[in-house]
Amino acid sequence: MTVKGSTALVRLAGNPSCEILGAMVMQEGSEKRFYERIVGEPYDREFGERPSSKRRGAQFEQNVFAGDARLLRESFAPFLGIDADAVIVRNLFDDYPGTKDDSRVARLRITREILADAVAGRPAPHIIIQPQLLIPTSPGPRPYFFIAPDLLVRSPTDGVYLPGDLKSFIVRENEVAKGDLARVRLQLGAQALALMHEYHRIDPSITVGSNGMLIFSRPNGLNPHAPRIEDLGGAIEAIRIGISAFLRHRQRINELRAGAEPFTVATDLSPNFQDACLTTCVMAQWCRQRVAGQTSDMGEIAREVLGDMSIEHVIGLMTGTIEPANDHERIVAVQLRELAAQHNTERVA
Amino acid sequence: MNAFDDTLHRVMARHMNRAIPTRTSSGLSNDPDVSIGIATIKIVTEDQIQAIAFGSLDEEPEVIVRLAPIDRDVTDLMPFAAFMERTANRALAAGGALRIWIPHSVTLEALDILGHRYWHNQTAPDAVVRMGKICRVVAHEATFPGQQVVADAAALLQDHVVTGLAPIEEGHLDAMLAWLDPAVRDPLTEARERIRLPASGILPNTPDHPADDRVDRLRKEVKRATGRRCAILKGEIEDILRRWVLREWQLLVDARRAFLGLGLPSAGLEGLVEDSTNRMNYALANGHFPARQPHKLAVLLAQMEAGLEKTELAALEGDPILREQAQRAGGVVHGIVSDVRQPRPGRNPCTIDVDSNQGVIRLRLDDKVKVVGTSVTGVVRGVSSTRAGGTRVSIQITGGVRQTSILSAGARLEIMRQGYGFVNFHAFNLVNQRQPWPFYGEAAPRIAAGTPSGRSALAIAAEARRP
């Protein structure tokens, strides 16, 4: 996973206590490079998005945006309450394509103009494709995060835009796996927060709802499902926590590094290794070395159940080489001995 | 299993360098005559299957590798379609009894998407459409708790053993297998090394095994190549896909062997087997009809709830370890018969008192219960304290009144809830006929305000109770 844009905020929201993650977000260059500079060895695991994923994502967007976004207009027509042919779409990639900062800034300017028009009651499109937003974190290194929703849709009830994201992975019956939904909701949460920032630049009294739209792909071809409206209250709060964590980490890292690159102070930072790191972070193995032999090495639940002690200590309680220091350890020792009695012989797999 | 027990098993597994069984009975019935295996390799995100290995688990599998899996031409799937048709026919001949082994849930997802794509595809050959329908039937059956058709090897191992890994790592089938292989001396290190390569039905893409990137590049080159070079490129794609789908197959075979090697008896699963067999028999003969109408969805949910309850109770009844855990949580009551009130021996009526010293007891009035390991059933009619500080559970016996060895003072019993597992088809048919507003209406109907009776709701409920 990358540590740029909304993905960085999503990851910080998922693990706000991890200072290593904060350093990765501050560091220029890729996450993989960050790992290699700290560990001194090439990263030996899979890294980055697969070509098939990139291709499908691009094709899905291309298909949905083709013909003046015909499929998108048809999908959103019931929500907007007008005929698909009457839906007005503006694709900002037609004006300034690309992902370089210059293009992003140009699209941000247009997005701001459209939002201002809508607030002022001037004509504005129903759907903005590839708008550009940002969340400021200035002053300091990384003074802002560019946030790029796939689209903004104007609510027919209050005229305020909602963020929307296209997800090219295949979903059956528009029912999304819990894990996937949690991740994309956080992404939408970052977008909603950035949209709030933009609206409040125009008029702080504007109420921006905590909703967003998700459009998933059907199993057949590249056709979209009907948009799903998601409640983002929790996700927005989680992103806020992630941003606060980043500001805190940045301050500490700046104090430590004294002008050097963030990766140079990694060993002085506190990681917060958790199970999910194994599937999302290149630094997971490095961070896990710091809890090797501890209960955390067997997962978060083990740490919660047994507390922060070494596995050797727990085994010592079982074998009797260590005396229990409290009631909790006494219970653990008794239960483990019972378990050992059950499994010591033929029942071991 | 609760978090505490799970963690202690993990510590034990670390200590013994072996996976530790968490059950003494199997949640899966014995393989029926029609038992097959399927392993797949899909394209990430596209979810198109690019290689399938399938066949009997005791033989070398048949393998299909797809050079152009995204193309509309699906004739390369014909051998798999024919195999699925043959399997379905054999299962139908056996009354619906079927077992499909898969390495992990990703394979099931791949089959389900394959089904979604082709079960109504008018341009696909009939055999592929039929394959799509069968895939959907199988994937739908897998959604029922306790179903006995799809054997997900990774999930089965996770349900029956615990390793010294973190739970999230146990999702990797190859890592799990390191803890079940006596030849592996240091399963922790070995398992974590194995995790570098995916075991989730996709090609690896690590620096030392960049198979996914390679196949992607080769497919592009094939489009431009001709003659001998084209054949060489295609050959390389086939070799890569064959190698990795056979690895998935081998994981499946090893996992199945490891699971069966646990030697867990599969008693008490007859009801679940019968439910699965009946559902498969009907669906393979008549087709898959997704529930859309409210009453159909309610039936589906009721079936799932019944399946869940049956599964839990079958596991409890057949497994002393699970009962011991449930006893700590109060779900199973261990006690001694302190009194038997049976005017005519071996006849109804019969009521017994069971005294227990358990700290937690979850049985409540009117709960239907059974005595573990017997045919004695009853209804809880009273729960009170004993003088010694324990709990007395009074049970009206409704079945097995002749079992005097059980129904006698001093007998030690384990009591657990009796399975309800009932789907009220009659009621849901009425719902379909009458279309009541809770199922079909947009809003509640307006009811004219009446005069309150002045009686307490509790009093009305108490009156309605059976004596």
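All of the points below concern the structure found in this document.

Reading guide: rules and limits
- Residues numbered from 1 in each chain as written.
- Chains lettered and ligands numbered in written order.
- Predicted model: local features only at pLDDT ≥ 70, side-chain atom pairs only at ≥ 80, totals over all residues.
- Heavy atoms only, no water.
- Helix = DSSP H or I, 4+ residues; strand = E, 2+ residues; numbered from the N terminus.
- Buried < 20%, exposed > 50% of the residue type's maximum accessible area, 1.4 Å probe, protein only.
- Contact = heavy atoms within 4.5 Å.
- Areas by Shrake-Rupley, 256 points an atom, 1.4 Å probe, with all protein chains shown as cover.
- Lys, Arg positive; Asp, Glu negative; His and termini not counted.
- Charge placed at Lys NZ, Arg CZ, Asp CG, Glu CD.
- Pairing = 2+ DSSP bridges.
- Axes fitted to C-alpha atoms, helices over the stretch in contact; angles between N-to-C directions.
- Expected span 1.5 Å × (residues − 1).

Topic: the overall build of chain A
Thinking step 1. Per the secondary structure count, chain A includes twelve helices and eight strands.
Thinking step 2. Projecting the C-alpha coordinates of chain A onto the three principal axes gives extents of approximately 80 × 50 × 40 Å.
Thinking step 3. Here chain A holds 349 residues, and 51% of them are scored as buried.
Thinking step 4. Summarising the internal contacts of chain A: among those between residues at least 6 apart in sequence, 60% fall at separations of at least 24.
Thinking step 5. About 15,600 Å² of surface is accessible on chain A, with carbon and sulfur atoms providing 50% of the total.
Thinking step 6. With 40 positive and 44 negative side-chain charges, chain A shows a separation of 4 Å between the mean positions of the two kinds.

What about unusual backbone geometry?
Thinking step 1. Here Ser138(A) and Pro139(A) are connected by a cis peptide whose omega angle stands at 5°.
Thinking step 2. Relative to the assigned elements, Pro139(A) resides in the loop between strand S3 (133-136) and strand S4 (144-147).
Thinking step 3. Note that the residue after Asn348(B), namely Pro349(B), is joined by a cis bond; omega there is -5°.
Thinking step 4. Along the polypeptide, Pro349(B) turns up in the loop between strand S8 (332-341) and strand S9 (351-356).
Thinking step 5. Despite not being glycine, Asp68(A) has its phi angle at roughly 55°, a positive value.
Thinking step 6. With respect to the helices and strands, Asp68(A) occurs in helix H4 (residues 51-80).
Thinking step 7. Residue Asp68(A) is classed as partly exposed on the basis of its relative accessible area of 48%.
Thinking step 8. Backbone geometry places Asp47(B), a non-glycine residue, at a positive phi of 55°.

Quick word on the pairing of strand S3 (residues 49-55) of chain B
Residues and elements named next belong to chain B.
Thinking step 1. Taken across its seven residues, S3 has seven buried, putting it largely inside the fold.
Thinking step 2. Both strand S2 (residues 35-42) and S3 contribute to a ladder of six bridges, which runs antiparallel. Its bridge partner lying in S3, Gly37 is registered against Gly55.
Thinking step 3. Counting the residues that bridge the hairpin from S2 to S3 gives six residues, and of these Thr45 lies at a positive phi of roughly 70°.
Thinking step 4. Where S3 and strand S4 (residues 62-65) come together, four bridges link them in antiparallel fashion.

Some words on the sheet that holds S8(B)
Residue and element names in this part refer to chain B.
Thinking step 1. One closed barrel accounts for six strands, arranged S8-S9-S12-S11-S10-S13; its pairing is antiparallel. Within this sheet the neighbouring strands show an average axis-to-axis angle of 45°, counted without direction.
Thinking step 2. Across three bridges, strand S10 (residues 368-371) lies against strand S13 (residues 412-417) in antiparallel orientation. Residue Lys370 lies in a different strand from S13, and its bridge partner there is Met416.
Thinking step 3. Helix H11 (residues 294-318) rests against S8, S10 and S13 of the sheet, and its axis sits at about 165° to S13.
Thinking step 4. The strands that helix H12 (residues 320-329) touches are S8 and S13; relative to S8, the one it contacts most, it runs at about 80°.

With respect to the sheet that holds strand S5 (residues 151-154) of chain A
Residues and elements named next belong to chain A.
Thinking step 1. Read across the sheet, six strands follow the order S1-S2-S5-S6-S7-S8 without closing on themselves; strand pairing throughout is mixed. The outermost strands of the open sheet, each flanked by one partner alone, are strand S1 (89-91) and strand S8 (228-231). Mean inter-strand twist for the sheet, computed between neighbouring axes without regard to direction, equals 25°.
Thinking step 2. Sheet topology places S1 next to strand S2 (residues 127-129); three bridges connect them, and they run parallel. By the bridge assignment for S2, Val89 is matched with Ile127.
Thinking step 3. The strands touched by H4 are S1, S2, S5, strand S6 (161-170), strand S7 (211-217) and S8; relative to S6, the strand with the most contacts, the crossing angle is about 130°.
Thinking step 4. Its contacts with the sheet place helix H5 (residues 101-120) against S1, S2, S5 and S6, and it is angled at close to 130° to S6.

Description of helix H7 (residues 233-257) of chain A
All names here are of chain A.
Thinking step 1. Along its 25 residues, H7 runs 36 Å from first to last C-alpha, staying within 8% of the 36 Å computed at 1.5 Å per residue.
Thinking step 2. Among all positions of H7, only Ala235, Ile236, Ile239, Gly242, Ile243, Ala245, Phe246, His249, Arg250, Ile253 and Arg257 are buried.
Thinking step 3. Elements that come into contact with the buried residues of H7 comprise helix H1 (5-14), helix H2 (19-26), S3, S4 and helix H6 (178-202).
Thinking step 4. Residue Ala258 follows H7 closely and has a positive phi angle near 50°.

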